[in-house]
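This is what each chain is made of:
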Amino acid sequence: MVETLDAAARAALASELPDWRPVEGRDAIHREFRFRDFSEAWGFMARVALLAEAQDHHPEWSNVWNRVEILLTTHDAGGLSARDLRLAHAIDALLR
């Protein structure tokens, strides 16, 4: 069973993942990414898909032209878990 984040991990979210924001009304984090064009956005999504598949943890996401929005939560845990943080860090690393 996957467990949700404890209070200390939640308190560290803003400094640990500064570009990710809590989602009001859901135990989740969200980030929006903007690219030069659709092709660059789609390429980013393909790389994220490979990360997600390797971690067996798949985001909720959407794409409109050059914008990609990603929401992370662990449905099995009923909210944010360490799995979400790992995937968020891996996604952020793609942009460095």
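Residues numbered from 1 in each chain as written. Predicted model: local features only at pLDDT ≥ 70, side-chain atom pairs only at ≥ 80, totals over all residues. Heavy atoms only, no water.

1. Here we look at a nonpolar patch on the surface
We count it as follows: Residues enter a patch when their relative accessible area is above 30% and they make no salt bridge; the linking distance is 9 Å between like charges and 5 Å between nonpolar side chains (Val, Leu, Ile, Met, Phe, Trp, Tyr). For accessible areas, the Shrake-Rupley method is used with a probe of radius 1.4 Å. Any residue's cover is judged against the shown protein chains and nothing else. Salt bridges are defined as contacts in which a side-chain nitrogen from Lys or Arg sits within 4 Å of a carboxyl oxygen from Asp or Glu. The numbering of helices and of strands both runs from the N terminus, where a helix is a DSSP run of H or I of at least 4 residues and a strand a run of E of at least 2.
Taken together, the side chains of F38, W42, V64 and W65 make up a nonpolar region of the molecular surface, amounting to roughly 460 Å² of accessible area. Following the sequence through the fold, F38 ends up in helix α3 (residues 38-55).

2. Quick word on the pairing of strand β3 (residues 60-64)
For the record, the criterion: Pairing between two strands requires that DSSP report at least two bridges joining them.
Direction of pairing for β3 relative to strand β4 (residues 67-72): antiparallel, over a ladder of five bridges. Each residue of the ladder has a partner; that of S62, found in β4, is E69. Count of turn residues in the β3/β4 antiparallel hairpin: two residues, of which W65 carries a positive phi of about 45°.

3. So, unusual backbone geometry
Selection rule: The buried label goes to any residue with under 20% of its type's maximum accessible area, the exposed label to any with over 50%, and the partly exposed label to all in between, with areas taken from a 1.4 Å probe on protein chains only.
Positive phi, normally seen in glycine, also occurs at D56, with a value near 50°. Looking at the secondary structure, you find D56 in the loop between α3 and β3. What makes D56 exposed here is its relative accessible area of 52%. The phi torsion at W65 lies on the positive side, around 45°, for a residue other than glycine. Mapping W65 onto the fold places it in the loop between β3 and β4.

4. Some thoughts on α3
This is how it is decided: For a helix, the expected span equals 1.5 Å multiplied by the residue count minus one. The arc under discussion is defined with respect to the helix axis, by the directions toward the C-beta atoms. Contact definition: two residues touch when any of their heavy atoms are within 4.5 Å.
With 18 residues, α3 extends 26 Å from end C-alpha to end C-alpha; this agrees with the ideal 26 Å at 1.5 Å per step. Looking at α3, one finds that the buried residues are A41, F44, M45, V48 and A52. The buried residues of α3 all sit within an arc of 100° when viewed along its axis, so they share a single face. Exposed and oriented more than 90 degrees from the buried face of α3 are S39, L50, E53 and A54. Lining the buried residues of α3 we find β2 (29-34), β3, β4 and α4 (82-94). Downstream of α3 by one or two residues, D56 has phi in the positive range, about 50°.

5. Some thoughts on the pairing of β4
Here β2 runs beside β4; their pairing, made up of six bridges, is antiparallel. Bridge pairing links R34 to R67 in β4.

6. Points about the packing of aromatic side chains
Put simply, the rule is: Paired rings are identified among Phe, Tyr and Trp, the last through its six-membered ring, by centres lying within 6.5 Å, and are further divided according to the angle between planes into stacked (under 30 degrees), edge-to-face (over 60) and tilted (the rest).
Enumeration according to the criterion identifies four aromatic pairs in this entry. A centroid spacing of 4.9 Å and a plane angle of 40° characterise the contact between F35 and F44, whose relative ring orientation is tilted. Residue classification places F44 among the buried positions, given a relative accessible area of 0%. Taken together, the ring pairs connect W20, F33, F35 and F44 into an aromatic cluster.

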